[in-house]
Amino acid sequence: MEDVTDVSFRIIARRMGADAVYTEFISSEAIIRSIAKQLKKMTMLEEERPLAIQIYGGDPEVMHEAAQVSEAAGPDFLDINCGCWVKNVAGKGAGAGLLKDLPRMAKMTKAVVDAVKLPVTVKTRLGWDKEDINILEVAPMLEQAGAAALTIHCRTRSQGHSGEADWSWIPKIKQRVSIPVFLNGDVNSPEAADRAFRETGCDAVMIARAAISNPFIFRETKEFFANGTYTQASLDERITLCLQHLQHSIELRTEHRGIPNFRKYYLGYFKGIFGAATLRRELMSIESYAEVEDKLWKFADTVRQREGSALITAA
Ligand SMILES: Cc1cc2nc3c(=O)[nH]c(=O)nc-3n(C[C@H](O)[C@H](O)[C@H](O)COP(=O)(O)O)c2cc1C
């Protein structure tokens, strides 16, 4: 996810049990022009493997070259974004825009596959809009072009991120290809992940937004699969993980830039806890790691005191 899945976020996701992680999408044009800010998105650590670099673009030759640069950065596989719906990507014939030009989509996939030794996967959507759902044609075409697996965001381009994801396409896609098919869209709880596997026969689920709103979702899901139940993270666990994540964010960008950049993640760590809204408001203006750490552990003390007094009252 753009502006979300930097190396700090990916490490946390892997520590929590995600089986594979992906970089933010990176423009192929920017890669071949060596734009430093974009190349930095390829920063990776051993601990996060298996990791995919996701690239996008509309020109097969540029994508071919960008794939070679990306492979040299050392990921475990490459992923082509054929699903981005935003105007300045899809409107320029990249991302989901490729769903309107299937010969170019196939050519581009083949150009990337031919450029590298690594496996190449493709992430796409059901189609451009509900009148033009062409995934049953697209999926075998991408397999033919050499894709090693497909991730299907079960919405159309015109839906963006709204409306319900329609998982019912996954079994139909699976009947038409022999490569693995990963389901994406609305997998937002362990129960939803379980349902996705049971109802569709998908080979994996990809979790996006729910990992922001609950960084523990991967652990909870694994636990649910193993035991049929799961425990929610304690406040101490939330604080510890949040601080680890923040430390990695600072390592990536320095404290001065890392702390403001991190503010979007606080909500996910503390959502649902009494007092979290005030805590978050206060965290928004803090600019040093030491102060964040102090604020969080003091918050934990307050919560513990409140819980203690609640018990006394109840008795
Ligand atoms: C902030 C944000 C950034 C995203 N960036 C990317 C991206 O770079 N590449 C990509 O393939 N999808 C991107 N997506 C789409 C998600 O990967 C995913 O397909 C979509 O959110 C549906 O899955 P979900 O219901 O699990 O969130 C992004 C979504 C959001 C909310």
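Sequence positions are assigned chain by chain, starting from 1 and proceeding in written order. Whole-chain, interface and lining totals are the exception, using all residues; otherwise, since this is a predicted model, local features are given only for residues with pLDDT of at least 70 and side-chain atom pairs are given and counted only at 80 or more. To get the side-chain values, all heavy atoms of the structure are used, and hydrogens and water are removed first.

S.K.: Quick question: what am I supposed to make of the site of the ligand here?
M.R.: Around the ligand sit 13 residues, and of these Glu2, Gln54, Asn184, Asp186 and Arg209 come closest. Interatomic distance of 3.2 Å between a side-chain N/O atom of Asn81 and an oxygen atom of the ligand. In protein, a polar contact means a hydrogen-donor-capable atom and an acceptor-capable atom, both N or O and within 3.5 Å, with residues adjacent in sequence counting only if both atoms are side-chain atoms; elsewhere, any N or O pair within 3.5 Å suffices. A distance of 2.6 Å is found between an oxygen atom of the ligand and a side-chain nitrogen or oxygen belonging to Asn184. Any residue with a heavy atom positioned within 4 Å of a molecule or strand is treated as near that molecule or strand.

S.K.: Would you take a moment to explain helix α8 (residues 169-176) for this structure?
M.R.: For an α-helix, 3.6 residues make a turn, and residues three or four places apart therefore share a direction. Relative accessible area decides the class of each residue, using a 1.4 Å probe on protein chains only: under 20% of the type maximum gives buried, over 50% gives exposed, and in between gives partly exposed. Counting from the N terminus, the helices are the DSSP runs of H or I reaching at least four residues and the strands are the DSSP runs of E reaching at least two. For α8, every residue scored as buried is listed here: Trp169, Ile170 and Ile173. Angular distribution of buried residues about the axis of α8 spans 95 degrees; they occupy a single face of the element. The contact rule is simple, with two residues in contact once any of their heavy atoms fall within 4.5 Å. Tucked inside the fold, the buried residues of α8 contact α7 (135-144), β5 (149-153), β6 (181-184) and α9 (190-200). By arc we mean the arc of the directions from the helix axis to the C-beta atoms, nothing more.

S.K.: How do you make sense of the pairing of strand β1 (residues 21-27) when you look at a structure like this?
M.R.: Looking down a regular strand, the side chains alternate between one sheet face and the other. Across the seven residues that make up β1, a large majority, seven, are buried. Strands are labelled as partners when DSSP assigns at least two bridges between them. As defined by bridge partners, β1 adjoins strand β2 (residues 51-56) across five bridges and the pair is classed as parallel. Within β2, the position partnered with Ile26 by the bridge is Ile55.

S.K.: Help me understand the sheet that holds β1, please; the structure alone is not making it clear to me.
M.R.: Strands in a sheet are paired, the pairing made by backbone hydrogen bonds, and the direction either parallel or antiparallel. Here we have seven strands laid out as an open sheet, ordered β1-β2-β3-β4-β5-β6-β7, and parallel in their pairing. Among the strands making up the open sheet, the edge pair consists of β1 and β7 (204-206). On average, adjacent strands in this sheet sit at an angle of 25 degrees to one another, irrespective of strand direction. Pairing of β6 with β7 involves three bridges; the strand directions are parallel. Paired with Leu183 across the strands is Val205, a residue of β7. Structural elements are reduced to axes, namely lines fitted to C-alpha atoms, with helices fitted over the stretch in contact, and the angle between N-to-C directions of any two is expressed from 0 to 180 degrees. Docked against the sheet, helix α1 (residues 7-15) engages β1 and β2, running at close to 155 degrees with respect to β1.

S.K.: Got a minute to help me understand the pattern of salt bridges in this structure?
M.R.: In a structure, side chains of opposite charge can pair up when their charged atoms sit close to one another. Whenever a carboxyl oxygen of Asp or Glu lies within 4 Å of a side-chain nitrogen of Lys or Arg, that contact is scored as a salt bridge. If you walk through the whole model with that rule in mind, you get 20 salt bridges. The salt bridge partner of Glu46 is Arg49, with a shortest N-O separation of 3.1 Å. On the accessibility criterion, Arg49 (24% relative accessible area) is partly exposed. When the shortest N-O distance is used, the salt bridge between Asp186 and Arg155 registers 2.7 Å. Placement of the pair is Asp186 in the loop between β6 and α9 and Arg155 in the loop between β5 and α8, with a sequence separation of 31 residues. Classification of Asp186 as partly exposed rests on a relative accessible area of 24%.

S.K.: Would you mind showing me how to read the side chain of Glu48 here?
M.R.: Along the chain, the position of Glu48 falls in the loop between α3 (36-39) and β2. Its relative accessible area of 0% is what places Glu48 among the buried residues. Glu48 has contacts with Val7, Arg10, Ile11, Arg14, Val21 and Thr43, leaving out every residue within four places of it along the chain.

S.K.: What's the story with the pairing of β5 in this structure? I'm lost.
M.R.: Counting buried residues along β5, five of its five residues qualify, which places the element largely inside the surrounding structure. With five bridges joining them, strand β4 (residues 120-125) and β5 adopt parallel strand pairing. For Thr121, the partnering residue across the bridge sits in β5 and is Ala149. Look down the strands so they point away from you; if going from the first strand over the helix to the second traces a clockwise path, that crossover is right-handed. One crossover worth recording links β4 to the parallel β5 by way of α7, and it is right-handed. For β5 and β6, the ladder comprises four bridges, and the chain directions are parallel. The residue bridging His153 from the neighbouring strand is Asn184, located in β6. At this point the chain moves from β5, through α8, to the parallel β6, and the crossover so formed is right-handed.

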